[in-house]
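This is what each chain is made of:
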Amino acid sequence: MKTYSKVLGVETRSSVDLRNITGHVRQVIDESGIKNGIVTIFVPHTTAGIYVNEDESGLKRDVDHVLSKLIPKGAGYLHDEVDDNAHAHLRSIVISPSITIPIIDGRLATGTWQSIFFAEFDGPRRRRLIVHVMGT
Ligand code: ZN
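Fair warning: this is a prediction, and the values are worked out from it, not measured in the lab.

Draft legend 1. Expanded view of the packing of aromatic side chains. For the structure on display, the rule yields one aromatic pair. Their ring planes at 10° and their centres at 5.0 Å tell us that Tyr51 and Phe117 sit as a pair that is stacked. With Tyr51 in strand β4 (residues 48-53) and Phe117 in strand β7 (residues 115-120), the pair connects residues that are 66 residues apart, well separated along the chain. Residue class for Tyr51 comes out buried when judged on its relative accessible area of 11%. Taking the relative accessible area as the measure of exposure, Phe117 reaches 0% and is therefore buried.

This is the structure:
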């Protein structure tokens, strides 16, 4: 079994920024030479996350809208007394900082409408993303 890791930079442009990073992940898989295995995409931050879904502009606005409704900014959180971004931490917990996707015959085993998104909840910032490929 082989492993291959790469750290990618992501520049987010607004407080909430949902960025399709599928092409970057595919490029790392190609570089790895691994044809069958898994790829883990991990966000080493406490106010960002990663998810898989459709890249459609209305849906991206819906994701932002629903998360803002579920976890509104400044709703009396204790952490806001420290640095005023509790909503971003809580959204990151709900979305999760990591996903794993199978690689089959050198390709991501995602469905036709599935893309991988980096989800910024406390931007704009310079972020990092770890892409870790394991397999043969
Ligand atoms: Zn904080």
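So that's the structure; there's more coming.
Draft legend 2. Expanded view of the coordination of the zinc ion. Bound to the zinc ion are the protein donor atoms His79 (NE2), Asp83 (OD), Asp83 (OD), Asn85 (OD1) and His89 (NE2), situated 2.0 to 2.6 Å from the metal. Along the chain, the residues donating to the zinc ion fall in the pattern H-x3-D-x1-N-x3-H. With His79 in the loop between α2 (57-70) and α3 (80-83) and His89 in helix α4 (residues 86-95), this pair connects stretches of sequence that are ten residues apart. In this structure His79 comes out as partly exposed when scored by relative accessible area, which is 30%. According to the relative accessible area criterion, His89 is buried, its value standing at 19%.

Draft legend 3. Quick look at the pattern of salt bridges. Within this structure, the stated rule accounts for five salt bridges. When the shortest N-O distance is used, the salt bridge between Lys6 and Glu31 registers 3.1 Å. One end of the pair, Lys6, is in strand β1 (residues 2-11); the other, Glu31, is in helix α1 (residues 22-32), with 25 residues separating them in the sequence. By relative accessible area, Glu31 is classed as partly exposed at 34%.

Draft legend 4. A look at unusual backbone geometry. Each neighbour pair has its own omega, and for Gly123 with Pro124 the value is -5°, a cis peptide bond. Counting through the fold element by element, Pro124 comes out in the loop between β7 and β8 (126-135). One non-glycine residue, Asp84, adopts positive backbone phi at about 60°. Checked against the element boundaries, Asp84 lands in the loop between α3 and α4. Despite not being glycine, Asp105 has its phi angle at roughly 55°, a positive value. On the secondary structure map, Asp105 appears in the loop between β5 (98-104) and β6 (107-108).

Criteria and thresholds
- Each residue is numbered by its place in its chain's sequence as written, counting from 1.
- Restriction of local features to residues with pLDDT of at least 70 applies here, the model being predicted, together with a cutoff of 80 or more for giving and counting side-chain atom pairs; totals for whole chains, interfaces and linings are based on all residues.
- As a convention, hydrogens and water are excluded, and side-chain values are obtained from all of the structure's heavy atoms.
- Aromatic contacts are taken between Phe, Tyr and Trp rings whose centres are within 6.5 Å, Trp giving its six-membered ring; a plane angle under 30 degrees counts as stacked, one over 60 as edge-to-face, and the others as tilted.
- Helical segments are the DSSP runs of H or I of at least four residues, strand segments are the runs of E of at least two, and each set is numbered from the N terminus.
- Residue burial is assigned from relative accessible area. The probe radius is 1.4 Å, only protein chains are included, and a residue is buried under 20% of its type maximum, exposed over 50%, and partly exposed in between.
- Metal sites are built from N, O and S donor atoms within 2.8 Å, or 3.2 Å for Na, K and Ca, and they leave out water, so they may look incomplete.
- Salt bridge, as applied in this entry: a Lys or Arg side-chain nitrogen positioned within 4 Å of an Asp or Glu carboxyl oxygen.

Taken by themselves, the reported measurements are silent on function.
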